[in-house]
Amino acid sequence: MSAASILRVSKYGEPPNQSDYAMFERSWITRQIADTAGLRRVTSEQGKEVVGRRDREDYAGILFPYVWPGTTLACAHRIRRDNPPYTIRAGSRVEDGKYLSAPGYGNKLYFHPLTPAASLLNPTIPIVLFEGEKKTLAGFRFSYEAVSETDAPIFVSVGISGVWGWRDGRQKAANPTGKRVSVSAPIGDLARITWVDRKAYILFDSNVQTNPKVAAARVGLARELAGRGAEVWFVDLPVEDGVNGIDDYLARHGTRPALKLLEAARLFDPQEQLAKLQYTDHGNEQAFEALFGDDFLYNWTAKQWVRWNGILWVEDLVGSADRAMIEVAHARLQATSLVTENATGFEFAAGSAEERRKRAIAGALRLQNIKGRHAALESAQTNPRFARRE
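Residues numbered from 1 in each chain as written. Predicted model: local features only at pLDDT ≥ 70, side-chain atom pairs only at ≥ 80, totals over all residues. Heavy atoms only, no water.

In this section: the overall build of the protein chain. In terms of helices and strands, the protein chain carries twelve helices and 18 strands. Relative to its 390 residues, the protein chain shows a buried fraction of 46%. Across the protein chain, the fraction of contacts at a sequence separation of at least 24, relative to all contacts at a separation of at least 6, is 63%. As displayed, the protein chain offers around 20,400 Å² of accessible surface, 51% of which is attributable to carbon and sulfur atoms. (Helix = DSSP H or I, 4+ residues; strand = E, 2+ residues; numbered from the N terminus. Buried < 20%, exposed > 50% of the residue type's maximum accessible area, 1.4 Å probe, protein only. Contact = heavy atoms within 4.5 Å. Areas by Shrake-Rupley, 256 points an atom, 1.4 Å probe, with all protein chains shown as cover.)

Next up, the structure:
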């Protein structure tokens, strides 16, 4: 990696100080990577200017410029504050607004500026998505140092600004009453990458295994990337004291154990996610949201479903929502037939076709929607997967 000036120096701040470089090293970020990434130290007043604040809080910290690979100008900035405000919850210090960006810019993907631009369009190169800028820079170093036999990175290191940073709420759409409101949608940067037939690894912090909201965000991202044609894999960091993200893990263990984590990644299977949902009204709602959440809304005032026609929300006068419910029932039934729960998690179901048929019927009878229940029962009786063997 060359330290050549491929990035125009930000007008904000000064070069990082020695304490900053020491902090970077603890996160497995070398001085060279920090410098070529354009990291800067900003004062509180400079930080306020970056994020558009006028209050009395302290905004001094590290500036991360967002530079799309192949360009030299920052399209956005984020700061990591040294002293953000905090509260004590359950005996633990919880910081508020440690990372901030300017209002109106929305979420964007983060890269080290030396990331080869061509790699974003080459689906033969895997992508690893990290949670936050520091982890992305540590991942950038990891992509070069994991295999000593090559000078090319073994994957593209891509960062999102938080577990839901792949979505953005700045877009507008008409709600069922015709009023234009903000809606959450995938960020536009995702469309600038070729995903079809590409392996995409999602490597979030270790709390993805203990925090249901983080886990839900990971599944949402996986569904989005799979819908764009990617082969999605989950990488789980082991839970260790002092290890929050991949930067901590690399600093403690090095590249070889980290490479083994990638090799042990789990293929994302939407069927498995459906099978984990309970056969309750809430479980059915979750399944419907996962499969058709972007297509339908229920207007409680008019007591009628509305559907998105690509331009605006219109009344569902042709029964599309009912057909979607039947598709959800079929999808849940298929997932139930393929996956069974045991003490160690979920694995492909064993047993005879008759046993699978009985499980499918039992699952169908738990469905609350009458049309969905009838469709699922009919499928359980006629699907060749559950056929009785004479």
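Back to the text.
So, about the layout of surface pockets. The volume enclosed by the second largest pocket comes to roughly 670 Å³. Forming the boundary of the second largest pocket are 22 residues, of which E131, K135, D205, N207 and N244 lie nearest the centre. At the level of elements, β3 (76–81), α4 (133–145) and α6 (246–253) are the ones that each hand at least two residues to the lining of the second largest pocket. Across the lining of the second largest pocket, the residue classes tally to four nonpolar, eight polar and ten charged. (1 Å grid on protein atoms, 1.4 Å probe; cavity = no way out; pocket = protein on both sides within 12 Å on 5 of 7 lines; lining within 4 Å. Points joined across faces, edges and corners; volume = space filled by probe spheres on them. Nonpolar A, V, L, I, M, F, W, Y, C, P; charged D, E, K, R; others polar.)

Another point: the side chain of R78. Note on placement: R78 falls in strand β3. In terms of polar contacts, R78 uses its side chain to reach the side chain of S101, at 3.4 Å. Once residues lying within four places of it in the same chain are set aside, the contact partners of R78 are I62, L63, F64, Y66, Y99, L100, S101, E133 and S161. (Polar contact = N/O pair within 3.5 Å; in protein donor to acceptor, adjacent residues only side chain to side chain.)

Below, the discussion takes up the pattern of salt bridges. Within this structure, the stated rule accounts for 14 salt bridges. Between E45 and K48 there is a salt bridge, with the nearest N and O atoms lying 3.6 Å from each other. Within this pair, E45 and its partner K48 are both found in helix α3 (residues 44–51), separated by three residues, close to a single helical turn. For E45, a relative accessible area of 55% translates into the label exposed. A salt bridge links R81 to E57, with the nearest nitrogen and oxygen atoms 2.9 Å apart. With R81 in strand β3 and E57 in the loop between α3 and β2 (61–66), this residue pair connects regions lying 24 residues apart in the sequence. The buried category is assigned to R81, whose relative accessible area is 2%. Classification of E57 by relative accessible area gives partly exposed; the value is 34%. (Salt bridge = Lys/Arg side-chain N within 4 Å of Asp/Glu carboxyl O.)

With that settled, the discussion passes to the sheet that holds strand β15 (residues 304–308). Spatially, the three strands line up as an open sheet ordered β14-β15-β16, and their pairing is antiparallel. The sheet terminates laterally at β14 (296–299) and β16 (313–315), the two strands that pair on one side only. For this sheet the average axis-to-axis angle between neighbouring strands, irrespective of direction, equals 35°. Summarising the sheet, β14 and β15 pair through four bridges and their orientation is antiparallel. Opposite Y298, over in β15, you have W305 as the bridge partner. (Pairing = 2+ DSSP bridges. Axes fitted to C-alpha atoms, helices over the stretch in contact; angles between N-to-C directions.)

Right, let's get into empty space enclosed by the protein. Counted according to the given criterion, the structure contains three cavities of 30 Å³ or more. Volume-wise, the largest cavity comes out at about 60 Å³. Every residue along the wall of the largest cavity is listed here: Y66, A76, H77, R78, S101, Y105, G106, N107, K108 and S161. Sorting elements by how many residues they give to the lining of the largest cavity places β3 first, with three residues. Across the lining of the largest cavity, the residue classes break down as three nonpolar, five polar and two charged.

We describe a pair of aromatic rings using the distance from one ring centre to the other and the angle between the two ring planes. Considering all chains together, one arrives at 17 aromatic pairs under this definition. Pairing F296 with W305 gives two aromatic rings, centres 6.4 Å apart and planes at 85°, and the pair type is edge-to-face. Ring-pair connections join several aromatic residues into one group, and the members of that group are F288, F296, Y298, W300 and W305. The aromatic ring of Y59 is capped on one face by R81, whose charged end is 4.6 Å from the ring centroid. (Phe/Tyr/Trp six-rings, centres within 6.5 Å; stacked < 30°, edge-to-face > 60°. Lys NZ or Arg CZ within 6 Å of the ring centre and 35° of its normal.)

Looking at where R218 falls in the secondary structure, it is placed in helix α5 (residues 212–227). Residue class for R218 comes out buried when judged on its relative accessible area of 7%. Within the structure, R218 has its side chain in polar contact with the side chain of D236 (distance 2.8 Å). Leaving out residues up to four positions away in the same chain, R218 has contacts with I202, F204, V208, F234, V235, D236 and R266.

The next subject is α6. Among the residues making up α6, those that are buried are I246, D247, Y249 and L250. Projection of α6 onto a plane perpendicular to its axis shows the buried side chains occupying an angular sector of 160°, all on one side. Buried residues along α6 sit against α1 (18–26), β7 (127–131), α4, β11 (199–203) and α7 (255–263). Backbone geometry just after α6 places G254 at a positive phi near 90°. (Arc of directions from axis to C-beta.)

Another point: unusual backbone geometry. For W28, which is not glycine, the phi dihedral falls at a positive 65°. With respect to the element layout, W28 can be found in the loop between α1 and α2 (31–36). The backbone of D197 sits at a positive phi, close to 65°, despite the residue not being glycine. Mapped onto the fold, D197 is located in the loop between β10 (180–186) and β11.

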